[in-house]
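# Coordinates in review
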Amino acid sequence: EGRKLWGTMVNTTRNLARQIWVTVEENSLQDRTEKEQALRLIVGFAIATKLHLRQDKDLSELHPMLTEKQYGQLQSMNSPPLEVAFWLGDYLQVQHLRNTINPYQQRAMVELLDLMVDVLGGCERILKTPIPMAYSIHLKQLLLIYCLTLPLQIVGEVGGWCVLVSGLVAFAVFGIEEIGIEIENPFGCDPNDLPLDAICQTMERNIKDLMTLTPSVEADRVRYQRQQNNPV
């Protein structure tokens, strides 16, 4: 379930970044700068979500994705991903007011942003729904009773090998129980947890590649403006 949610996160960030890069009109160098910052914020949301799920208070990994003002504000926030989502939503609203995107385009991008926040909520649900302690204790007690009584059940069949067989069975059943506890939180830094660092790095590379491309509509707009400024 956690991997499925992060797969949704990857696809949604790609779609939102692509729509912003292609759709939002650029009428000045400032518009271009703000658009690039918006794309960095998309990656910042994923990184902030990763740090939030790991309860990591060190936000230095987010520094390259934010302005100095944003980075300073984020230090005091309880939920950094929601603050980044707020900045993205604010950017889309400003672009709508500037008429650089139409209402339909804004609605489509806001829906993608809402889906990213839904993914955050789904990950928090997994993180905050561990196996109940009473269930875990009861399960350990049942396994312990089973393993202690197992030699009495098999001694007539395996004779002196009952100690070795019982040990192997105990190792197997207690190992399965420990695996169940270990995978309660798939967002940590253990080798068997989800590779969130690699996923976020992939998102960052995808966004950087996207920013090297020039949409055809933008190239046509620049060409048209040059023709208007320098008529033949």
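Refer to the structure above for everything that follows.
Let us look at the structure shown here. (Residues numbered from 1 in each chain as written. Predicted model: local features only at pLDDT ≥ 70, side-chain atom pairs only at ≥ 80, totals over all residues. Heavy atoms only, no water.)

## Remarks on the overall build of the chain
- When its secondary structure is counted, the chain shows 9 helices and 0 strands.
- Secondary structure elements of the chain occur, N-terminal to C-terminal, as α-α-α-α-α-α-α-α-α.
- Expressed as a percentage of the 232 residues in the chain, the buried residues total 37%.
- Looking at the chain alone, contacts between residues at least 24 apart form 71% of all its contacts between residues at least 6 apart.
- For the chain, the exposed surface amounts to about 13,800 Å²; the carbon and sulfur share of it is 59%. (Helix = DSSP H or I, 4+ residues; strand = E, 2+ residues; numbered from the N terminus. Buried < 20%, exposed > 50% of the residue type's maximum accessible area, 1.4 Å probe, protein only. Contact = heavy atoms within 4.5 Å. Areas by Shrake-Rupley, 256 points an atom, 1.4 Å probe, with all protein chains shown as cover.)

## Here we look at the layout of surface pockets
- A volume near 280 Å³ is recorded for the largest pocket.
- What lines the largest pocket is a set of 14 residues, among which Leu41, Gln70, Trp87, Asp90 and Tyr91 lie closest to the centre.
- Elements with a contribution of two residues or more to the lining of the largest pocket: helix H2 (29-53) and helix H4 (80-97).
- For the lining of the largest pocket, the per-class residue count stands at 5 nonpolar, 6 polar and 3 charged.
- A volume near 200 Å³ is recorded for the second largest pocket.
- Taken together, 14 residues make up the lining of the second largest pocket; nearest its centre are His52, Asp56, Lys57, Asn78 and Pro80.
- For the lining of the second largest pocket, the element with the most residues is H2, which contributes 3 residues.
- Along the lines of polarity and charge, the residues of the lining of the second largest pocket split into 7 nonpolar, 4 polar and 3 charged. (1 Å grid on protein atoms, 1.4 Å probe; cavity = no way out; pocket = protein on both sides within 12 Å on 5 of 7 lines; lining within 4 Å. Points joined across faces, edges and corners; volume = space filled by probe spheres on them. Nonpolar A, V, L, I, M, F, W, Y, C, P; charged D, E, K, R; others polar.)

## Comments concerning the environment of Phe86
- Secondary-structure assignment places Phe86 in helix H4.
- Judged by its relative accessible area of 51%, Phe86 is exposed.
- Each C-alpha atom of the pair Phe86 and Leu113 lies 9.5 Å from the other, and the pair is 27 residues apart in sequence.

## Observations regarding the nonpolar core
- Counting residues in hydrophobic clusters, the biggest one holds 51 residues, and the most contacted among them are Trp6, Ile20, Leu39, Leu62 and Phe187.
- Residue assignment for this core shows that the elements contributing at least two residues are helix H1 (2-23), H2, helix H3 (68-74), H4, helix H5 (103-127) and helix H8 (196-211).
- Element by element, the count of residues in this core is highest for H2, at 11 residues.
- Ignoring sequence-local partners within four residues, the contact set of Trp6 consists of Ala46, Thr49, Lys50, Leu53, Cys123, Phe187, Leu194, Leu196, Ile199, Cys200 and Met203. (Core = buried A, V, L, I, M, F, W, Y, C linked by side-chain atoms within 4.5 Å.)

## Thoughts on a nonpolar patch on the surface
- Taken together, Trp161, Leu164, Val165 and Leu168 make up a surface patch of nonpolar side chains, about 420 Å² in accessible area.
- Tracing the backbone shows Leu164 in helix H7 (residues 162-182).
- Given the relative accessible area of 45%, Leu164 is considered partly exposed. (Patch = residues over 30% accessible without salt bridge, like charges linked within 9 Å, V, L, I, M, F, W, Y side chains within 5 Å. Salt bridge = Lys/Arg side-chain N within 4 Å of Asp/Glu carboxyl O.)

## Quick notes on the side chain of Gln37
- By the element assignment, Gln37 lies in helix H2.
- There is a polar contact of 3.3 Å between the side chain of Gln37 and the side chain of Gln70.
- The contacts of Gln37, once residues within four sequence positions are left out, are Met65, Leu66, Thr67 and Gln70. (Polar contact = N/O pair within 3.5 Å; in protein donor to acceptor, adjacent residues only side chain to side chain.)

## Section: the environment of Val10
- Tracing the sequence through the fold places Val10 in helix H1.
- Look at Val10 and you get buried, because its relative accessible area is 12%.
- When near neighbours in sequence (up to four residues on either side) are disregarded, Val10 contacts Ile199 and Met203.

## Structural notes on H2
- Its 25 residues place the ends of H2 36 Å apart at the C-alpha level, agreeing with the 36 Å of an ideal helix rising 1.5 Å per residue.
- One or two steps after H2, the chain reaches Gln55, where phi turns positive at roughly 55 degrees. (Expected span 1.5 Å × (residues − 1).)

## Quick notes on H1
- Between its first and last C-alpha, H1 extends 31 Å over 22 residues, near the 32 Å set by a 1.5 Å rise per residue.
- All of the buried residues along H1 are Gly2, Leu5, Trp6, Met9, Val10, Thr12, Thr13, Leu16, Ala17, Ile20, Trp21 and Thr23.
- Each element contacted by the buried residues of H1 is listed here: H2, H4, H5 and H8.

None of the figures reported here should be taken as evidence of function without further support.
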